[in-house]
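Summary of the model geometry
Listed here are the chains, written in short residue letters.
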Amino acid sequence: MTTRTVTSQAALPGSTIEARHAFYSRECGISAVIDPSLGKIVLEVGDLVGAVTMPRALGLRVDAGLGVRMLAGPVISQSRIGRWIFLTGPGGPLDESTMADFFDLGVAIASTGDFIKFPSPEDERLDVLRWERIPRSLKDLPPQSAVIATTRAMAIPAP
């Protein structure tokens, strides 16, 4: 996985939403857009990207599990509400059992057509969104199936 961990928000260039959008496009190869009605940088879930959102505590365990498997990918932190968004490769339909288990865990799988908000300088200043690990390229996203399997494994209580 070609990702890097951001240790300081100052490490991300761009003090305006336009400059940050250009960074995502140029440096990360992400074709996100600026939604003028929201004033946010967004990426649509679909053929190239998926997302799995979960509580931060579970996210820490999942991230460690993915790291051991050398599948750690980009993660966005929704700081104020204590949730992490794992960017993944595209996903497919989930069986009802997985959906029920994930509902109980507070885990959500983004559907095709949903939008993922990417951290902007304003989001970071307000501590709303920030990167735990920034993407280098959408080609390097972990398979959604691996994130789902790791989430299931990390959610099982230790004996």
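Quick summary incoming for the structure in this document. Because the structure is predicted, anything quoted here is derived from the model rather than measured.

Quick notes on the rules
Residues numbered from 1 in each chain as written. Predicted model: local features only at pLDDT ≥ 70, side-chain atom pairs only at ≥ 80, totals over all residues. Heavy atoms only, no water. Buried < 20%, exposed > 50% of the residue type's maximum accessible area, 1.4 Å probe, protein only. Helix = DSSP H or I, 4+ residues; strand = E, 2+ residues; numbered from the N terminus. Pairing = 2+ DSSP bridges. Axes fitted to C-alpha atoms, helices over the stretch in contact; angles between N-to-C directions. Parallel < 35°, antiparallel > 145°, perpendicular 65-115°, else oblique. Left-handed = near helix turned anticlockwise from the far one by under 90°. Contact = heavy atoms within 4.5 Å. Nonpolar A, V, L, I, M, F, W, Y, C, P; charged D, E, K, R; others polar. Phe/Tyr/Trp six-rings, centres within 6.5 Å; stacked < 30°, edge-to-face > 60°.

**With respect to the pairing of strand E8 (residues 115-118)**
Residues of E8 alternate between two faces, with Ile116 and Phe118 buried on one and Phe115 and Lys117 left unburied on the opposite face. As paired strands, strand E3 (residues 40-44) and E8 are joined by four bridges and run antiparallel to one another. Among the inter-strand pairings, leucine 43 is bridged to a residue of E8, identified as isoleucine 116.

**Considerations on the packing of helix H3 (residues 96-105) against helix H5 (residues 144-155)**
Two elements in contact, H3 and H5, have axes separated by 12 Å at closest approach and are oriented at 55°. Considering their axes alone, H3 and H5 lie oblique with respect to each other. Relative to H5, the crossing made by H3 is left-handed. The segment H3 lies against H5, with Ser97, Thr98, Asp101, Phe102 and Leu105 engaging Ile148, Thr151, Arg152 and Ala155. When its residues are assigned to classes, the contact of H3 with H5 shows four nonpolar, three polar and two charged.

**As for unusual backbone geometry**
The phi angle at methionine 70 is positive, at roughly 60°, despite the residue not being glycine. In this fold, methionine 70 is placed in the loop between helix H2 (56-68) and strand E5 (75-78). For aspartate 127, which is not glycine, the phi dihedral falls at a positive 55°. Structurally, aspartate 127 can be placed in the loop between helix H4 (121-125) and strand E9 (130-135).

**What to know about the packing of aromatic side chains**
Across all of its chains, the model carries five aromatic pairs by this definition. Between tyrosine 24 and tryptophan 131, the ring centres sit 6.0 Å apart and the planes meet at 70°, which makes this aromatic pair edge-to-face. You can see tyrosine 24 sitting in helix H1 (residues 17-28) and its partner tryptophan 131 sitting in strand E9, a full 107 residues away along the chain. Owing to a relative accessible area of 0%, tyrosine 24 belongs among the buried residues under this scheme. Assessed through its relative accessible area of 1%, tryptophan 131 is described here as buried. Between the aromatic rings of phenylalanine 118 and tryptophan 131, the centroid separation amounts to 5.3 Å while the plane-to-plane angle is 85°, which identifies the pairing as edge-to-face. Of this pair, phenylalanine 118 sits in strand E8 while tryptophan 131 sits in strand E9; the two residues are 13 residues apart in sequence, bridging distant segments of the chain. On the accessibility criterion, phenylalanine 118 (0% relative accessible area) is buried.

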